[in-house]
Amino acid sequence: MSDINAKSDDMRGVSTRDGVLRLLGGPGEKEISGEELALRLGVSRNAVWKAVKALQAQGYNIQSLRGRGYRLVEDSNILSRALVERRLDEWSGNDPAVKGILPRIIVLDTVDSTNNYCKALPETDLPVVVASDEQTAGRGRRGKSFSSPKGYGLYFSFAFRPEFSMEDSMNVTAVAASVARQVLADLSGKPVEIKWVNDLYLHGKKIAGILTEGVAGLEEQGFERIVVGIGINCFSHPLPPELRDIAGALWDDEPADTAHDADRANGPSRPEGESSFARNDLLARLSLELTRAFCGRDRLDARRWLDDYREHCFITGREVLVEAAGRQPYSALVTGVDDDFALVVEPLEGPDAGTEKHLTSGQVSLKL
């Protein structure tokens with residue numbers, strides 16, 4: 001017979017609120033009685049009731065059905081460690097490639113930068129995913145700022161200890177871009193594309209960016225950890241005039257997070273007609289696939305992602321402006337992506353016109 005005062009193994013150390021969320025699961029699942037929740041969490045029914053009330057006050061749409069129990073009616077799109085962990089456990093199943101190495105999940109309300117937060121964590125916390133509802137100092141490549149307003153996007157970093165060479169580490173950004181593109185396309189059903197080397201586009205507008213940083217170890221001949229930061233514009237939000245024709249969002253509707261704006265307290269939980277989308281699902285799927293790509297049994301098999309990257313790099317065949325260190329910007333035609341994810345271009349002007357160049361760094365922008 002179960003001991004009513006003992007928590008089930010998978011709930012040890014979990015708060016009552018998080019435990020209730022994990023057990024209720026996702027929208028559409030069967031209701032669970034207060035008695036069963038109390039038994040499985042090892043708490044009183046009154047503690048369950050208080051936890052449900054607190055979650056409802058946060059914005060979670062939990063129904064109380066007389067004589068039947070509680071049910072999570074819809075995902076409010078509030079970032080929740082409990083719901084991310086639930087999905088991560090479900091989707092990883094018994095996959096031997098990630099067994100025992102799933103990342104720790106940390107969800108914050110606000111932070112300067114999830115990359116900075118990851119770099120400050122002890123090595124024993126790796127691998128780890130740190131997500132925040134808002135970044136006050138989000139960054140992109142080359143020191144550019146990345147707008148990360150509260151409730152409108154998914155801003156997170158995946159930090160891990162690399163078990164591959166420094167040379168292979170140079171492919172991390174490109175592989176992460178391909179992984180993220182595939183996840184976004186699968187979950188949204190939309191034609192997400194890659195702009196070399198680290199941006200994701202939808203219908204000609206940037207919807208996501210990636211910033212990869214390495215932390216050198218004092219004793220290692222390489223990186224002690226690698227931090228992959230990904231910022232995704234999930235929902236449209238007001239943009240300054242200079243970005244309106246450049247930046248887009250995965251969904252054009254208002255954000256679904258009802259907890260941050262009293263005026264939207266009775267609004268939809270997610271964009272109309274897109275019932276399958278939730279930021280928690282997106283974070284869980286990305287966390288799982290990044291773990292498979294960088295920490296799993298086939299860690300950093302870059303060749304596996306090369307064809308996908310080439311197929312979805314939409315600037316191939318387009319004219320671009322290349323900005324590279326040590327020389328003036330120049331126009332070039334993109335002819336492809338080589339086996340090391342370098343961009344292959346043919347300059348259209350200057351002394352190198354007509355020759356083939358392989359870019360491993362720098363910035364390219366489409367010429368209109």
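Whatever comes next refers back to the structure up there.
Here is what the cut-offs are and how they apply
- Residues numbered from 1 in each chain as written.
- Predicted model: local features only at pLDDT ≥ 70, side-chain atom pairs only at ≥ 80, totals over all residues.
- Heavy atoms only, no water.
- Pairing = 2+ DSSP bridges.
- Helix = DSSP H or I, 4+ residues; strand = E, 2+ residues; numbered from the N terminus.
- Axes fitted to C-alpha atoms, helices over the stretch in contact; angles between N-to-C directions.
- Contact = heavy atoms within 4.5 Å.
- 1 Å grid on protein atoms, 1.4 Å probe; cavity = no way out; pocket = protein on both sides within 12 Å on 5 of 7 lines; lining within 4 Å.
- Points joined across faces, edges and corners; volume = space filled by probe spheres on them.
- Nonpolar A, V, L, I, M, F, W, Y, C, P; charged D, E, K, R; others polar.
- Core = buried A, V, L, I, M, F, W, Y, C linked by side-chain atoms within 4.5 Å.
- Buried < 20%, exposed > 50% of the residue type's maximum accessible area, 1.4 Å probe, protein only.
- Parallel < 35°, antiparallel > 145°, perpendicular 65-115°, else oblique.
- Left-handed = near helix turned anticlockwise from the far one by under 90°.

Caption draft 1: Structural detail: the sheet that holds strand β9 (residues 223-233). Pairing within the open sheet is mixed, and its seven strands lie in the order β3-β4-β5-β9-β8-β7-β6. Only two strands of the sheet have a single neighbouring strand rather than two, namely β3 (104-108) and β6 (193-195). Within this sheet the neighbouring strands show an average axis-to-axis angle of 20 degrees, counted without direction. Where strand β7 (residues 199-202) lies against strand β8 (residues 205-216), four bridges are found, and the strand directions are antiparallel. Across the sheet, tyrosine 201 pairs through a bridge with lysine 206, a residue of β8. Packed onto the sheet, helix α8 (residues 279-294) meets β3, β4 (128-132), β5 (153-160) and β9 and runs at close to 25 degrees relative to β5.

Caption draft 2: Representation of the layout of surface pockets. Its boundaries defined by the atoms lining it, the second largest pocket holds a volume of some 710 Å³. What lines the second largest pocket is a set of 30 residues, among which Ser169, Met170, Asn171, Val172 and Thr360 lie closest to the centre. Elements with a minimum of two residues in the lining of the second largest pocket: α6 (166-169), α7 (172-188), β8, β9 and α9 (302-312). Among the elements that take part in the lining of the second largest pocket, β8 stands out by supplying five residues, more than any other. Classifying every residue of the lining of the second largest pocket by side-chain character gives 14 nonpolar, eight polar and eight charged.

Caption draft 3: Layout of the sheet that holds strand β12 (residues 343-347). As summarised here, the arrangement of the five strands in space is β13-β12-β11-β10-β14, forming an open sheet in which the pairing is antiparallel. The sheet terminates laterally at β13 (357-359) and β14 (363-366), the two strands that pair on one side only. Neighbouring strand axes in the sheet, compared pairwise and without regard to direction, differ in orientation by 45 degrees on average. Across three bridges, β12 lies against β13 in antiparallel orientation. Its bridge partner being in β13, valine 345 is matched across the sheet by lysine 357.

Caption draft 4: Geometry of the nonpolar core. In this structure, Phe294 and Tyr309 are the most contacted members of the largest nonpolar core, which totals 69 residues. With nine residues, α7 is the single largest residue contributor to this core. Formed by 19 residues, the second largest nonpolar core is a distinct cluster that contains Ala38, Val52, Leu55 and Ala82.

Caption draft 5: Up close: the packing of helix α4 (residues 81-92) against α8. Two elements in contact, α4 and α8, have axes whose closest approach is 8 Å; the angle formed by their N-to-C orientations is 50 degrees. As judged from the angle between their axes, α4 and α8 are oblique. Along this stretch, α4 crosses α8, giving a crossing that reads as right-handed. Here Leu83, Val84, Arg87, Leu88, Trp91 and Ser92 of α4 come into contact with α8, specifically with Asn280, Asp281, Leu283, Ala284, Arg285, Ser287, Leu288 and Arg292. Its residues placed into classes, the contact of α4 with α8 shows seven nonpolar, three polar and four charged.

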